[in-house]
Amino acid sequence: MEKNSPLIAMLLLAVAIPFKAHSDERTVHGWVEEAEIYPEAVPVKAKLDTGALTSSMDAKDVEYFEKGSKKWVRFKVVAKNSDTGQETSQTFERPLIRKVKLRGAGGTDHRPVVKMQVCIGQQLLDEEFSLRDRKNMIYPILFGRKTLDRIGPVDTRRTFTQQPKCQGAG
């Protein structure tokens, strides 16, 4: 059995090297990136926050309503164009997935959760976002670790490393 040990070690190493190389090929993003909310292609700044578990989105004027027999949420996203500084406001309607109770430094907060399609880099993601009026926050979208697992590594020294370029969204 010991005679085959070097052979087994070499085989394990041969298998492990391609996996490591594959993981290093993932695009590295900055801690702030441009993104777009689809299918409307609303441009927004997004913070890639390794300290947050879940993703959240700035939402103004949140209203609950029923469509058919299902609960829905209507809300407004206000975003500022990075190039022009011009503010745009877009109203969205999405099915309510659930409500979450979050505890933080400011106390307990109950938030609706909806699924949104967001483009970052060349990745089009269907993600769940808790909705919250983030008041004067600079970044309307905060990507948490659950989403970052799919987006890829974050370099905290970099910002705005790539423009959103998703095709076939909607």
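On a predicted model such as this, the values are computed, not experimentally measured, just so you know. (Residues numbered from 1 in each chain as written. Predicted model: local features only at pLDDT ≥ 70, side-chain atom pairs only at ≥ 80, totals over all residues. Heavy atoms only, no water.)

### Focus: the state of the cysteines
Link 1 in the chain: In the structure shown here, the tally under the stated rule is 1 disulfide.
Link 2 in the chain: Residue Cys119 pairs covalently with Cys166 via a disulfide, S to S 2.1 Å. As the torsion about the S-S bond is roughly 90 degrees, the Cys119-Cys166 disulfide counts as right-handed. Within this pair, whereas Cys119 is found in strand S8 (residues 107–120), its partner Cys166 is found in the segment after strand S11 (154–159), the two being separated by 47 residues in sequence. Of the two residues, Cys119 and Cys166, neither departs from the other in class, the shared state being buried. (Disulfide = S-S within 2.5 Å. Helix = DSSP H or I, 4+ residues; strand = E, 2+ residues; numbered from the N terminus. Buried < 20%, exposed > 50% of the residue type's maximum accessible area, 1.4 Å probe, protein only.)

### Side note on the packing of aromatic side chains
Link 1 in the chain: Under the counting rule described, the total for this entry stands at 4 aromatic pairs.
Link 2 in the chain: Consider the rings of Trp31 and Tyr139, whose centres lie 6.0 Å apart with planes at 75 degrees: the pair is edge-to-face. In this pair, Trp31 sits in strand S1 (residues 29–38) while Tyr139 sits in the loop between strand S9 (123–132) and strand S10 (141–143), placing the two residues 108 residues apart along the sequence.
Link 3 in the chain: Note on Trp31: relative accessible area 30%, which makes it partly exposed. (Phe/Tyr/Trp six-rings, centres within 6.5 Å; stacked < 30°, edge-to-face > 60°.)

### A word on the pattern of salt bridges
Link 1 in the chain: Here the structure, examined in full by the defined rule, presents 10 salt bridges.
Link 2 in the chain: Across the pair Glu63 and Arg74 runs a salt bridge whose closest N-O atoms are separated by 3.3 Å. Of this pair, Glu63 sits in strand S4 (residues 60–67) while Arg74 sits in strand S5 (residues 70–80), placing them 11 residues apart in sequence.
Link 3 in the chain: For Glu63, a relative accessible area of 39% puts it in the partly exposed group.
Link 4 in the chain: With a closest N to O distance of 2.8 Å, Arg98 and Glu128 form a salt bridge. Taken together, the residues span a long stretch of sequence, with Arg98 in strand S7 (residues 98–104) and Glu128 in strand S9 at a distance of 30 residues. (Salt bridge = Lys/Arg side-chain N within 4 Å of Asp/Glu carboxyl O.)

### A word on the layout of surface pockets
Link 1 in the chain: Each pocket or cavity is described by its volume, and for the largest pocket that value is around 490 Å³.
Link 2 in the chain: Contributing to the lining of the largest pocket are 21 residues, with Ser56, Leu102, Arg111, Arg132 and Arg134 lying nearest its centre.
Link 3 in the chain: Contributions of two or more residues to the lining of the largest pocket are made by S7, S8 and S9.
Link 4 in the chain: Tallied by class, the residues present in the lining of the largest pocket amount to 8 nonpolar, 6 polar and 7 charged.
Link 5 in the chain: Roughly 250 Å³ of internal volume is contained in the second largest pocket. (1 Å grid on protein atoms, 1.4 Å probe; cavity = no way out; pocket = protein on both sides within 12 Å on 5 of 7 lines; lining within 4 Å. Points joined across faces, edges and corners; volume = space filled by probe spheres on them. Nonpolar A, V, L, I, M, F, W, Y, C, P; charged D, E, K, R; others polar.)

### Focus: the environment of Val62
Link 1 in the chain: Tracing the sequence through the fold places Val62 in strand S4.
Link 2 in the chain: Here Val62 falls in the partly exposed class, since its relative accessible area comes to 34%.
Link 3 in the chain: The spatial distance from the C-alpha of Val62 to the C-alpha of Phe75 is 4.5 Å, given a sequence separation of 13 residues.
Link 4 in the chain: Beyond its immediate chain neighbours, meaning those up to four positions away, Val62 contacts Val73, Arg74, Phe75 and Pro112. (Contact = heavy atoms within 4.5 Å.)

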